[in-house]
Amino acid sequence: MTGSAARWGPLWGARPADWALSEDGQLPTYEAALARTGLEPGWRVLDVGCGAGAFLRLVAERGGRPSGLDASDALIAFARGRLPNADLRVGEMEELPWADATFDLVTGFNSFFFADDMVSALREAGRVAKPGSPLVVQVWGAHERCDLEAMKQVARPFFPPRPPDAPADPDLSEPGALRSLAVAAGLTPEGEFDTTWVLEFADLATLERAMVAVAGLAEIVGPEREPELRRAIGEGLAPFRRVDGSYALSNEFHFLIARA
């Protein structure tokens, strides 16, 4: 692999069980998406960036036939432990290893924007979808309604400074942003919606495990600085600590439903 998968796969897959703590906690957002797709038993469903398989497990429970692609060998192996009969593959989202018009539903939860070319990734999603079938694209919602923005502030000092001439990252929660990308990829936008869910962690140790696994953060900072990073997480996310020691972080997610 030479695209974004080669870069992101080893990072996201460094601690699959710890990443699953966050992925599994987003189950209600997957349910909100499925409620708008008309999923029927027997449908072939592809999740692009399937991670630990939380969404695909929900698909299987509802009678769908799950398939998934991820950049990480380790995450695919983890997902296979949950879904031994699913068609799970490692690869690039801009070069999906399935034939045209294979799937009744294609989804991507906070995944398509990791592609080197998001329009190309969306075009591939449309290619493998049956004509007229739904595609679900999820991104983060408005920054001010995402508590995990605080985690970005925690992590930023552990990274090299951003080049001064680097372009700003696009804000995909902005009105019309996802719709424009979908149209450029040859998809037909059908509707957009937002949903909010509280991500919960039982205690500080669980929160730390989950946060250092996101995007391979612990691998990026290295073992020497991981204790420092964990301390920074405890301090930076202290406002989200409950009286009982658990943590609750409310986040908004933005969705586009399109048709192939």
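Scroll up a little and you will see the structure.
A.B. asks: Got a minute to help me understand the environment of proline 170 in this structure?
C.D. replies: Within the fold, proline 170 resides in the loop between helix H7 (149–155) and helix H8 (177–184). Between the alpha carbons of proline 170 and proline 160 there is a distance of 20 Å; along the sequence they are ten residues apart.

A.B. asks: Please explain the side chain of serine 67 as it appears in this structure.
C.D. replies: With respect to the helices, strands and loops of the structure, serine 67 is situated in strand E2 (residues 65–70). We classify serine 67 as buried; its relative accessible area is 2%.

A.B. asks: What is the right way to look at the sheet that holds strand E6 (residues 188–201) in this model?
C.D. replies: By way of backbone hydrogen bonds, the strands of a sheet pair with one another, either parallel or antiparallel. Reading across the sheet, the seven strands line up as E3-E2-E1-E4-E5-E7-E6 and stay open at both edges, with mixed pairing between neighbours. Sheet topology places strand E3 (87–90) and E6 at the edges, where each strand pairs with a single neighbour. Looking at each pair of strands side by side, their axes are set apart by 15° on average, direction ignored. Where E2 lies against E3, four bridges are found, and the strand directions are parallel. In the sheet register, glycine 68 faces E3, and the bridge partner there is leucine 88. Packed onto the sheet, helix H3 (residues 27–34) meets strand E4 (105–109), strand E5 (134–140), E6 and strand E7 (247–259) and runs at close to 160° relative to E6.

A.B. asks: Quick question: what am I supposed to make of the nonpolar core here?
C.D. replies: Side chains of a nonpolar character, in soluble globular proteins, are inclined to be buried together. Counting 27 residues, the largest nonpolar core has Leu46, Val48, Val106 and Phe112 as the members making the most contacts within it. Looking at this core, the elements with two or more residues in it are strand E1 (44–48), helix H6 (118–128), E5, H8 and E7. Listed in part, the 25 residues of the second largest apolar core include Leu34, Leu39, Phe193 and Ile257.

A.B. asks: Help me understand the pairing of E1 in this model?
C.D. replies: A regular strand places its side chains so that they alternate between the two faces of the sheet. Across the five residues of E1, four count as buried, placing the element largely inside the fold. Pairing analysis gives five bridges linking E1 to E2, with the strands arranged parallel. Residue leucine 46 lies in a different strand from E2, and its bridge partner there is serine 67. Viewed along the sheet, the connection from E1 through helix H4 (residues 54–61) into E2 turns out right-handed. The pairing of E1 with E4 spans three bridges and is parallel. Note that in E4 the partner of valine 45 across the bridge is leucine 105.

Basis of the calculations
- Residues numbered from 1 in each chain as written.
- Predicted model: local features only at pLDDT ≥ 70, side-chain atom pairs only at ≥ 80, totals over all residues.
- Heavy atoms only, no water.
- Helix = DSSP H or I, 4+ residues; strand = E, 2+ residues; numbered from the N terminus.
- Buried < 20%, exposed > 50% of the residue type's maximum accessible area, 1.4 Å probe, protein only.
- Pairing = 2+ DSSP bridges.
- Axes fitted to C-alpha atoms, helices over the stretch in contact; angles between N-to-C directions.
- Contact = heavy atoms within 4.5 Å.
- Core = buried A, V, L, I, M, F, W, Y, C linked by side-chain atoms within 4.5 Å.
- Right-handed = clockwise from strand over helix to strand, strands pointing away.

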